[in-house]
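If you want the building blocks of each chain, they are given just below.
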Amino acid sequence: MERYPDIEIYLAEADIETVQRWLAVHFDELPTLVKRGKRQWRTQARHADSEVPILLVTHAADGFASLWFDSSHTPWPRDVDCARDAARALGCEVRCSLGGWQPGDEPDRFWRVRADGEEGAIDWPDSGQ
């Protein structure tokens, strides 16, 4: 299975403590998410002997929080795998890219995973907010 160079998911709900507990299940070493600016939380995790920078930005897109893992060394090979796990564990809707993004791909098409397991492609235009 292809492993993406980084992973980004969008969480409908992003209680910092709940996200922290979910992340702690998946990483060998996970320092606490630390506030690093307006609506930004960061940490440096460790998985499979590799450093994984993590950035959580609350209210990043239409009320969704962005959770970005800036590494290919995550517990999940693709965004959708992370989204499915997050939706189940956090009990909220999660969105992610349809696949590895390439120039020319439709920027407003995303994959939505609901907490009940229902999932599918959606149009999610950028509202600019």
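Structure: above.
Residues numbered from 1 in each chain as written. Predicted model: local features only at pLDDT ≥ 70, side-chain atom pairs only at ≥ 80, totals over all residues. Heavy atoms only, no water.

Student: Explain the packing of helix H1 (residues 16-26) against helix H2 (residues 79-90) here, please?
Tutor: Angle between the axes and distance between the axes are the two parameters that describe a pair of packed helices. The geometry of H1 relative to H2 is characterised by a closest axis approach of 11 Å and an angle of 125° between their N-to-C directions. Taken together, the axes of H1 and H2 are oblique relative to one another. Where H1 crosses over H2, the two elements pack in a sense that is right-handed. Touching Thr18, Val19, Trp22 and His26 of H1 are Cys82, Asp85, Ala86, Ala89 and Leu90, all from H2. (Axes fitted to C-alpha atoms, helices over the stretch in contact; angles between N-to-C directions. Helix = DSSP H or I, 4+ residues; strand = E, 2+ residues; numbered from the N terminus. Parallel < 35°, antiparallel > 145°, perpendicular 65-115°, else oblique. Left-handed = near helix turned anticlockwise from the far one by under 90°. Contact = heavy atoms within 4.5 Å.)

Student: Quick question: what am I supposed to make of the sheet that holds strand S8 (residues 119-123) here?
Tutor: Strand pairing in a sheet relies on backbone hydrogen bonds. The paired strands run either parallel or antiparallel. Reading across the sheet, the 8 strands line up as S2-S3-S4-S5-S1-S6-S7-S8 and stay open at both edges, with antiparallel pairing between neighbours. Single-partner strands in this sheet number two, and they are strand S2 (34-35) and S8. Two elements, strand S7 (residues 109-113) and S8, share 5 bridges in a ladder whose sense is antiparallel. Bridge pairing in S8 links arginine 109 to aspartate 123. Against the sheet, H1 touches strand S1 (7-11), strand S3 (40-47), strand S4 (50-61) and strand S5 (64-69), its axis set at about 25° to S5. Against the sheet, H2 engages S1, S5, strand S6 (94-97), S7 and S8, with an angle of about 35° to S1. (Pairing = 2+ DSSP bridges.)

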